[in-house]
Number of protein chains: 2
Amino acid sequence: MNALIRDAGYRCWLRYEQIRDEKLLEEYRTWCASVVFRPGTPVLCSAKEELIGAIKSLLAVEVALSASPNRDKFIMVGKIGSHSVIDCETGGIEAERLGSQGFVVKTVKKPEYQFILIAAGSDQGILYGVFHFLRLLQMQREIGNLNIHEAPVNPLRMIDHWDNLDGTVERGYAGKSIFYEQNHLRDTGHRIRDYARLLASLGINAVVINNVNVHREETGLIRGRLSMVVKMAGIFRNYGMKVFLSINFAAPIELGDFATADPLDGEVKEWWRKQVQEIYRRIPDFGGFLVKADSEHRPGPFTYHRNHAEGANMLAEVLKPFGGLLIWRCFVYNCTQDWRDQTTDRAKAAYDNFQPLDDLFQENVILQIKNGPMDFQVREPVSPLFGGMERTNQMIELQITQEYTGQQRHLCYLVPQWKEILDFDTYARGEGSTVKKIVSGGLFQRKNAGFAGVANIGDDPNWTGHDLAQANLYGFGRLAWNPDLTAAELAEEWIRMSFSNDQTVIDAISSMLHTSWQIYESYTAPLGIGWMVNPNYHYGPNVDGYEYSRWGTYHRADSKGIGIDRTVKSGTGFAGQYQAKNALMYESSASCPEELLLFFHHVPYFQRLKSGETVIQHIYNTHFDGVEKVTELKEKWLQLQNLIGDERFARVLARLDEQLEHAKEWRDVINSYFYRKTGIPDELGRKIF
Amino acid sequence: MNALIRDAGYRCWLRYEQIRDEKLLEEYRTWCASVVFRPGTPVLCSAKEELIGAIKSLLAVEVALSASPNRDKFIMVGKIGSHSVIDCETGGIEAERLGSQGFVVKTVKKPEYQFILIAAGSDQGILYGVFHFLRLLQMQREIGNLNIHEAPVNPLRMIDHWDNLDGTVERGYAGKSIFYEQNHLRDTGHRIRDYARLLASLGINAVVINNVNVHREETGLIRGRLSMVVKMAGIFRNYGMKVFLSINFAAPIELGDFATADPLDGEVKEWWRKQVQEIYRRIPDFGGFLVKADSEHRPGPFTYHRNHAEGANMLAEVLKPFGGLLIWRCFVYNCTQDWRDQTTDRAKAAYDNFQPLDDLFQENVILQIKNGPMDFQVREPVSPLFGGMERTNQMIELQITQEYTGQQRHLCYLVPQWKEILDFDTYARGEGSTVKKIVSGGLFQRKNAGFAGVANIGDDPNWTGHDLAQANLYGFGRLAWNPDLTAAELAEEWIRMSFSNDQTVIDAISSMLHTSWQIYESYTAPLGIGWMVNPNYHYGPNVDGYEYSRWGTYHRADSKGIGIDRTVKSGTGFAGQYQAKNALMYESSASCPEELLLFFHHVPYFQRLKSGETVIQHIYNTHFDGVEKVTELKEKWLQLQNLIGDERFARVLARLDEQLEHAKEWRDVINSYFYRKTGIPDELGRKIF
């Protein structure tokens, strides 16, 4: 454990490195050396420990903790309604306005004393307020005139773990699970606690603790292995998080010796009721279930000729008395398609399967929808299910782990991608019907809604393998709290807290982060084509890797042209799943955004883009350019040699070296593939093999 | 075990099914009901048991066994020099002429009695003679006038097992290992014994019992796990076979705690001497070692800047006092090549590495050379090492297991391929310097030489997964005995013994077998191109699967042409590794055999073949044709519905159905790939996707 804590990347954005600026230090100390806080619950204890520990570390000062003001400057923390001084200052604030998880951070100046108030209507709100205040200190912000009121935009802010009990992490690129090892909890309660602190600091309030692909051993988490869940729930509860389980729809068969898992079978439902009862007996604040059903060979209601609403509602009804949620994934498609079949389109599958069921789901069901219609590609359009189901709870599933985006070997800051997705206008209720308004529940007035992100962490000392990949976890959590935050703001927050408040460092890393997604896109997947990767691994170039496969993932490149015709007029009709304005935009190759051109259209290589380049020349140019840009990333990083610690400097440099080598491989394979296929030379005569 | 024996495929070509022809039965019974045989050694006991058991089963007759003639017709079995009757009949035969493993089977007619004599100069010879005689009975041959003298052409007739101690079989397509399970010998001594019987019936005299890739557990076979080898040697010894071990060149490091495995280090050699001493103390007839060194990440002498002769000779010297052989594989090449590099050529590697070492190897070293310069492709030229090293012992390594030839899901009778290879004229000593004369040791008068075949068996009830794949094991063993046997003869022998003497059955299966290799070639690998398979699995079409890889395996197809220029004039120079006459033949695309055109030449798709077809049209035609031919295979098989047992009929039919489906996949993927790449339509307008 000590070795871990010594790793420069372990503490992430909760480094609390001592402030060197003497003037600032003095200023902060006058406020922070005295804290008025009476914690009475585990969550408040967590908040207190964080606050005191952080102040000590940041300011190198002893903190006087007391139940009432006894200096002229202090920090005061407490629940609204718990103390007259607090109530006096929050009198004007409706507790309702803060919601159950919002908070106030405000500087109060009275003649007799001055204090910074951190107050909220709930323990959770106070915890978030404390983390917010500590963020200000870490970013070296002025705190003499604060007046902050924050409440989370999204009710559910969830991290999905794809951890298996054997310790592996599906699509994990940062070592093994921090939770499990050989079907047992790992003896690293401290590490799980530190993870909970990291998540709580972002406002995450829910964690799914096992892989959506629920194998044999994991099926037992709802019964024989329930005590593992009880322990995990205890750790996360102290940081305001509820624990959820991914379940196996066929558990009644695997665990209950039933011959069926038919959701309309009364005995099956009764069996589930008993499991749920026992779970809530031992974990009264248990969050609920996440289900991947009828997807990629997982069992589901289709086996019994039931639809997804029937499958989800049965479980939701069982969870309802306990306040549990039932989260149902929409990642349902034919994964044994014939590549020769050009009419079936995987992109259409989720909408086709779920849209007709609008209005049929219980109130405590939430559909969890991947951001795009395919599968976390570098670039794909937004799923048409957003804005396509007004009477159904929805949440968005984003992938923090970089499955198709460089697997934490390559730098790829995903926040700009997520921002584009969240700001996408579905036009479901006219202009401004953005995805973020749908998944917050706001647009359609749904109570149950939010964000889910697939975790990118493992037991690597720095949690995420690539030190800079921590920015994705940070950005996800903060966006889940407030999707209006900008990618630039989030990068700056993260850099200041994780590395340094030095402007050179901020500028260099910001610039690296902001360009990284487009750089990765440029040398991998031109114009929205996707899937040109090694099957299964999803790393490294393989243009035909998925072309003749059963996964519904094709580029249809021939000697004349490339792309998938998904128009209504002549293609698969996918474009027609959008609201009219978007449908029209995608339908025509003239109005289709160029970055998605090949997702929606099969076009000749000689077609001109707005830049004047042909499609083929665009492919060559972006691939040559991408490698250049990686070189620039590396040069930027080299400027930081003496401005950040050696350990992280060297580690990131090694990854950038690898990225550069590998970007060349991408460039050469992709360019060679298309050159060999088309016979069209590069206009600039660069080397193609 | 009983379930196994009941499987119609378990007994293979030693079925000994009762003869139904009453007249023949009567005739055979008059000879066989009395056997004169005095077995005094384990091998002779095996021969006796086989003979008596087979006669009982074939003829449904009780056998009178005695030490001297006591009827007027009988079978007499014995060693030359052991009995006056035998010596009288073998007086004219030089025991030397039979060699140490030959035999006589001859009908002797005296006034007082008539008998069939099975005699040899050794126990092994007698065993082989008995199996030969039983083959005659099974094939319902006339036995009234026999006069057969046989001696094996090749001194070493070896099966290489790629079995691992954990029970897996590398490139095994017929279940798990029959030898091992979880690092122990399997409790199926009977099955190993039955396997030994099958091999002995073909004349196999050596078995390598573990994978050439020697992992951690297998490294211990020479020491901690030696008792497993002792047991295996005991089983095979009873059938005249010596056991060999694949060893780990770095064993002194892994087992001996040495820091080096340098072959010129005296202590390393001393360490090996001790291991070998102990092995021979416990297994006095131990065969020797097989080594894969400096190949595909296996350790070897290169680590210590020693050459392969230095590596091999050190081990050979240690084995020599005990009569052991050291077999050294020539499968050495750069497996981390850059695909962009068009000058390095994997095909050249074995010759480049070994040819300069001619004359440097000890007398008890044999180089084991894969038939071709690449790796057991459907079609490749013969390795130029054959005929390239006159002063070095050589043996040929053939692959019975169908790694690249359909993995025992597809029918592919390999004997015609092997015949082509064996009959290939190297011109090393002028015309007639065929490969078979080199690997027999005949051409260059080498005592240590022969055949090695990579086993295709596993614990499937029928040994080989595909029932018809048994024909490959049969054919390999028989060719190792006598490479002049024809593919047709071997097929007929095998069908008669394994299925039926019914001419309809013989004709149908013969025809299926004989066309199968070319059929497989036609829908997979046109004109010698190879490697268009899924990486690692080596099953199923993937045209670019190995194109951008590190394995040195490329087709270099672009929009204009395809193939690898391996000429001396403009290519990698591989063609120049052959003796002049062959070098000239391969150098020009006009004289290069068309089935190897793309192996040696990069040609335009519009180049005309002798048939008048263009190369591209040839690709389309063969792929369409291949599927048609598989349909014909299936039709042929369907004719046998009531002529062979239901179990094997159904099993083979299922495989043919799968082959047909999969041949279509090959056809469509390959044709689509080339159509999309070239834009050249099929002249016949058939469907390409």
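This report concerns the structure included in the present document. Every value quoted in this text rests on a predicted model; they were computed, and no experiment measured them. (Residues numbered from 1 in each chain as written. Chains lettered and ligands numbered in written order. Predicted model: local features only at pLDDT ≥ 70, side-chain atom pairs only at ≥ 80, totals over all residues. Heavy atoms only, no water.)

**A word on the relation of the copies chain A and chain B**
With an RMSD of 0.0 Å, chain A superimposes on chain B once it is rotated by 179° and translated 0.0 Å along the axis. The relationship between the two copies is best expressed as a two-fold rotation axis. Relative to the rotation axis, the closest C-alpha in chain A is found at Lys677(A), a distance of 2.3 Å. Looking at chain A, 100% of its interface residues are interface residues in chain B too, so the copies touch through the same face. (Least-squares fit on C-alpha atoms with pLDDT ≥ 70 in both. Contact = heavy atoms within 4.5 Å.)

**Focus on the environment of Phe236(B)**
Residue and element names in this part refer to chain B. Relative to the assigned elements, phenylalanine 236 resides in helix 9 (residues 226-237). Phenylalanine 236 gets classed as buried once you look at its relative accessible area, which sits at 0%. Each C-alpha atom of the pair phenylalanine 236 and tyrosine 351 lies 35 Å from the other, and the pair is 115 residues apart in sequence. Not counting the four nearest positions on each side in its chain, phenylalanine 236 is found in contact with Phe179, Ile192, Tyr195, Ala196, Leu199, Val207, Ile209, Met241 and Val243. (Helix = DSSP H or I, 4+ residues; strand = E, 2+ residues; numbered from the N terminus. Buried < 20%, exposed > 50% of the residue type's maximum accessible area, 1.4 Å probe, protein only.)

**Considerations on the packing of helix 7 (residues 189-202) of chain B against helix 9 of chain B**
Residues and elements named next belong to chain B. Taken N-terminus to C-terminus, the directions of helix 7 and helix 9 make an angle of 45°; their axes are 9 Å apart at the nearest point. Classified by the angle between their axes, helix 7 and helix 9 sit oblique to one another. Like other packed secondary-structure pairs, helix 7 and helix 9 cross with a definite hand, here right-handed. Here Ile192, Arg193, Tyr195, Ala196 and Leu199 of helix 7 come into contact with helix 9, specifically with Met232, Ile235 and Phe236. Each residue belonging to the contact of helix 7 with helix 9 can be placed in one class, and the counts come to seven nonpolar, no polar and one charged. (Axes fitted to C-alpha atoms, helices over the stretch in contact; angles between N-to-C directions. Parallel < 35°, antiparallel > 145°, perpendicular 65-115°, else oblique. Left-handed = near helix turned anticlockwise from the far one by under 90°. Nonpolar A, V, L, I, M, F, W, Y, C, P; charged D, E, K, R; others polar.)

**Brief notes about unusual backbone geometry**
If you check the backbone angles, Asp294(A) has positive phi at about 50° while not being a glycine. Inspection of the secondary structure assignment puts Asp294(A) in the loop between strand 12 (288-291) and helix 12 (308-319). Take Asp294(A): its relative accessible area is 13%, and that puts it in the buried class. Its identity as a non-glycine residue notwithstanding, Arg171(B) has a phi of 55°, on the positive side.

**Here's the deal with the interface of chain A and chain B**
Listed as interface residues are 21 residues of chain A and, on the opposing side, 21 residues of chain B. Taken together, both faces of the contact between chain A and chain B bury some 2,000 Å²; the carbon and sulfur share is 50%. Looking at the side of chain A facing chain B, the largest losses of area belong to Arg340(A), Tyr548(A) and Arg676(A), adding up to 37% of the total buried there. Viewed at the interface, chain B and chain A are joined by six salt bridges. Of the charged contacts, one joins Arg340(A) and Glu665(B) as a salt bridge, the two residues approaching to 2.8 Å between their closest N and O atoms. There are 10 residue pairs in polar contact (both at pLDDT 80 or more) connecting chain A and chain B. When grouped by side-chain class, the residues that make up the side of chain A that touches chain B number six nonpolar, four polar and 11 charged. (Buried area = accessible area lost by both parts, 1.4 Å probe. Salt bridge = Lys/Arg side-chain N within 4 Å of Asp/Glu carboxyl O. Polar contact = N/O pair within 3.5 Å; in protein donor to acceptor, adjacent residues only side chain to side chain.)

**Remarks on the pairing of strand 3 (residues 73-79) of chain A**
Residues and elements named next belong to chain A. Burial analysis of strand 3 places five of its seven residues in the buried class, the great majority of the element. Two elements, strand 1 (residues 34-37) and strand 3, share three bridges in a ladder whose sense is parallel. Residue phenylalanine 37 lies in a different strand from strand 3, and its bridge partner there is valine 77. (Pairing = 2+ DSSP bridges.)

**Overview of the packing of helix 14 (residues 415-422) of chain B against helix 16 (residues 470-481) of chain B**
Residues and elements named next belong to chain B. Between helix 14 and helix 16, whose axes approach to 10 Å, the crossing angle comes to 25°. Regarding the angle of helix 14 to helix 16, the classification is roughly parallel. Residue-level inspection shows Val415, Trp418, Lys419 and Leu422 of helix 14 in contact with helix 16, the latter providing Ala471, Asn472, Gly475, Phe476 and Leu479. A breakdown of the residues in the contact of helix 14 with helix 16 according to their chemical character gives six nonpolar, two polar and one charged.

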